Amino acid sequence: AEEVGGGDKEVVREYFNSTGFQRWKKIYGETDDVNRVQLDIRLGHSKTVENVLKMLKEDGTLQGVTVCDAGCGTGSLSIPLAKEGAVVFASDISAAMVSEAQQQAKEQLGLGTGEGNGTGTGNVMPKFEVKDLESLNGKYDTVVCLDVLIHYPQNKADGMIAHLASLAENRLILSFAPKTFYYNLLKRVGELFPGPSKATRAYLHAEADVERALRKVGWKIRKRGLITTQFYFARLVEAVPA
Ligand code: SAM
């Protein structure tokens, strides 16, 4: 597990199939067995999801709109999107995460196996897949990637952003931990990220770097948001073809 190089993705995958899965499932869940820090992060993250839904709905109904949720985690965004009538393609590098998301979707959306069954409400079950975002293909009206870039250094993030943009026809929404909060974040949530040197594994991104990566592939930022709680910091951007 070298610092930068081929190792990052394998370390991340392994983490989110084991201790990271347990930790984040709790944070993204609703149970009471969370500490003060985890509860605060749960709150911050739920605000991010709320903001994304608001941004998306400002453009009109989501009914029938195809959305790729890259790095879907436990389905925190995919499930509410499906409730809005979006046709959701949800994927994650971690099989544990995908299986949890699928379970959650079944419970929250009604019966079905996640293979595109109707839910009795006119909504469609998200289609879940174990896949790293670099291997995703196809075209989607909207691509969303929340709180994933934190696991990758900017030199990797550039390629990830370019690839995500290539999958999107109209919109790309990204959230990342902004570099302005670097010291705070390292100090406060370093423990939440995969080791061996846990603190150094949380990669913060300067907004200008993300913007430059988008511009390089012909996209521009149209909307911005900032979500902060005591322990959670996220810059939210919506990009569109320039
Ligand atoms: N996007 C979800 C949300 O906001 O609820 C989950 C965020 S969680 C902090 C980060 C997720 O990214 C984990 O589920 C992890 O497995 C996934 N992930 C990390 N690297 C990935 C990659 N290269 N491709 C796809 N998923 C990835």
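Going by the structure above, here's the rest.
Residues numbered from 1 in each chain as written. Predicted model: local features only at pLDDT ≥ 70, side-chain atom pairs only at ≥ 80, totals over all residues. Heavy atoms only, no water.

What about the site of the ligand?
Spelled out, the test is: We call a residue near a molecule or strand when any one of its heavy atoms sits within 4 Å of it. A 3.5 Å cut-off defines polar contacts: any pair of N or O atoms within that distance qualifies, except that in protein one atom must be a possible hydrogen donor and the other a possible acceptor, and neighbouring residues in sequence count only when both atoms are side-chain atoms. For accessible areas, the Shrake-Rupley method is used with a probe of radius 1.4 Å. Any residue's cover is judged against the shown protein chains and nothing else. Numbering of helices and strands runs from the N terminus; a helix is a DSSP stretch of H or I covering at least four residues, while a strand is a stretch of E covering at least two. Under the scheme applied here, ten amino acids are nonpolar (Ala, Val, Leu, Ile, Met, Phe, Trp, Tyr, Cys and Pro), four are charged (Asp, Glu, Lys and Arg), and all others, including Gly, are polar.
By nearness alone, 22 residues border the ligand, and His45, Gly71, Asp92, Leu146 and Tyr152 come closest of all. Within the contact set of the ligand, a nitrogen atom lies 2.6 Å away from a backbone nitrogen or oxygen of glycine 71. Here a nitrogen atom of the ligand sits 3.3 Å away from a polar atom, N or O, in the main chain of isoleucine 93. When the ligand is considered free in solution it has 590 Å² of accessible area, and contact with the protein chains removes 99% of it. Tallying contributions element by element places helix α1 (residues 7-17) first for the shell around the ligand, with three residues. In terms of residue class, the shell around the ligand is made up of 10 nonpolar, six polar and six charged.

Notes on unusual backbone geometry
Glycine aside, residues mostly have negative phi angles, and peptide bonds mostly take the trans form. The phi angle at aspartate 147 is positive, at roughly 55 degrees, despite the residue not being glycine. Along the chain, the position of aspartate 147 falls in the loop between β4 (140-146) and α6 (154-167).

Overview of the packing of helix α2 (residues 19-28) against helix α5 (residues 95-109)
As a reminder of what qualifies: Axis definition: a line fit to C-alpha positions, over the contact stretch in the case of helices; interaxial angles, taken between N-to-C directions, run 0 to 180 degrees. Orientation categories follow fixed angle ranges, with anything under 35 degrees roughly parallel, anything over 145 roughly antiparallel, 65 to 115 roughly perpendicular, and all other angles oblique. With the far helix as reference, a near helix turned anticlockwise by less than a right angle produces a left-handed crossing, and one turned clockwise produces a right-handed crossing. Residues are treated as being in contact if the distance between any of their heavy atoms lies within 4.5 Å.
Interaxial distance between α2 and α5 falls to 9 Å at its minimum, and their mutual angle equals 30 degrees. Taken together, the axes of α2 and α5 are roughly parallel relative to one another. As for the relative orientation of α2 and α5, their crossing is right-handed in sense. Between α2, through Gly20, Phe21, Trp24 and Lys25, and α5, the contact on the second element is made entirely by Ala96, Met97 and Glu100. For the contact of α2 with α5, the residue count by class is four nonpolar, one polar and two charged.

Concerning the nonpolar core
One recurring pattern in soluble globular proteins: nonpolar side chains tend to sit buried together. The condition that has to hold: As used here, the term nonpolar core means buried Ala, Val, Leu, Ile, Met, Phe, Trp, Tyr and Cys residues forming a set that is joined through side-chain atoms within 4.5 Å. When a residue's accessible area, from a 1.4 Å probe over protein chains only, is under 20% of the maximum for its type it is buried; when over 50% it is exposed; and in between it is partly exposed.
Core analysis: the largest hydrophobic core is formed by 68 residues, its most contacted members being Leu81 and Leu164. With seven residues, the top contributor of residues to this core is helix α3 (residues 36-58). Once residues lying within four places of it in the same chain are set aside, the contact partners of leucine 164 are Ala70, Leu133, Val143, Cys145, Leu172 and Leu174.

Some points on the packing of aromatic side chains
In plain terms, the rule: Between rings of Phe, Tyr and Trp, where Trp is taken as its six-membered ring, a pair exists when centres lie within 6.5 Å; planes separated by under 30 degrees are stacked, by over 60 edge-to-face, and by other angles tilted.
By the definition in use, this model includes three aromatic pairs. Geometrically, the ring pair formed by tyrosine 15 and phenylalanine 16 is edge-to-face, given 4.9 Å between the ring centres and 80 degrees between the ring planes. Here the two residues tyrosine 15 and phenylalanine 16 agree in accessibility, since each one is buried. Considering the side-chain rings of tryptophan 24 and tyrosine 28, the 5.4 Å spacing of their centres and the 40 degrees angle between planes classify their relative orientation as tilted. Residue tryptophan 24 and its partner tyrosine 28 are both found in helix α2; the two are separated by four residues, about one turn of the helix. Classification of tryptophan 24 by relative accessible area gives buried; the value is 7%.

Quick notes on the packing of α2 against α3
Look at α2 against α3: their axes get within 8 Å of each other, and the N-to-C directions meet at 65 degrees. Once α2 is placed against α3, the crossing between them reads as right-handed. Residues Arg23, Trp24, Lys26, Ile27 and Tyr28 of α2 form the contact with α3, whose own contacting residues are Gln38, Ile41, Arg42 and His45. Tallied by class, the residues present in the contact of α2 with α3 amount to four nonpolar, two polar and three charged.

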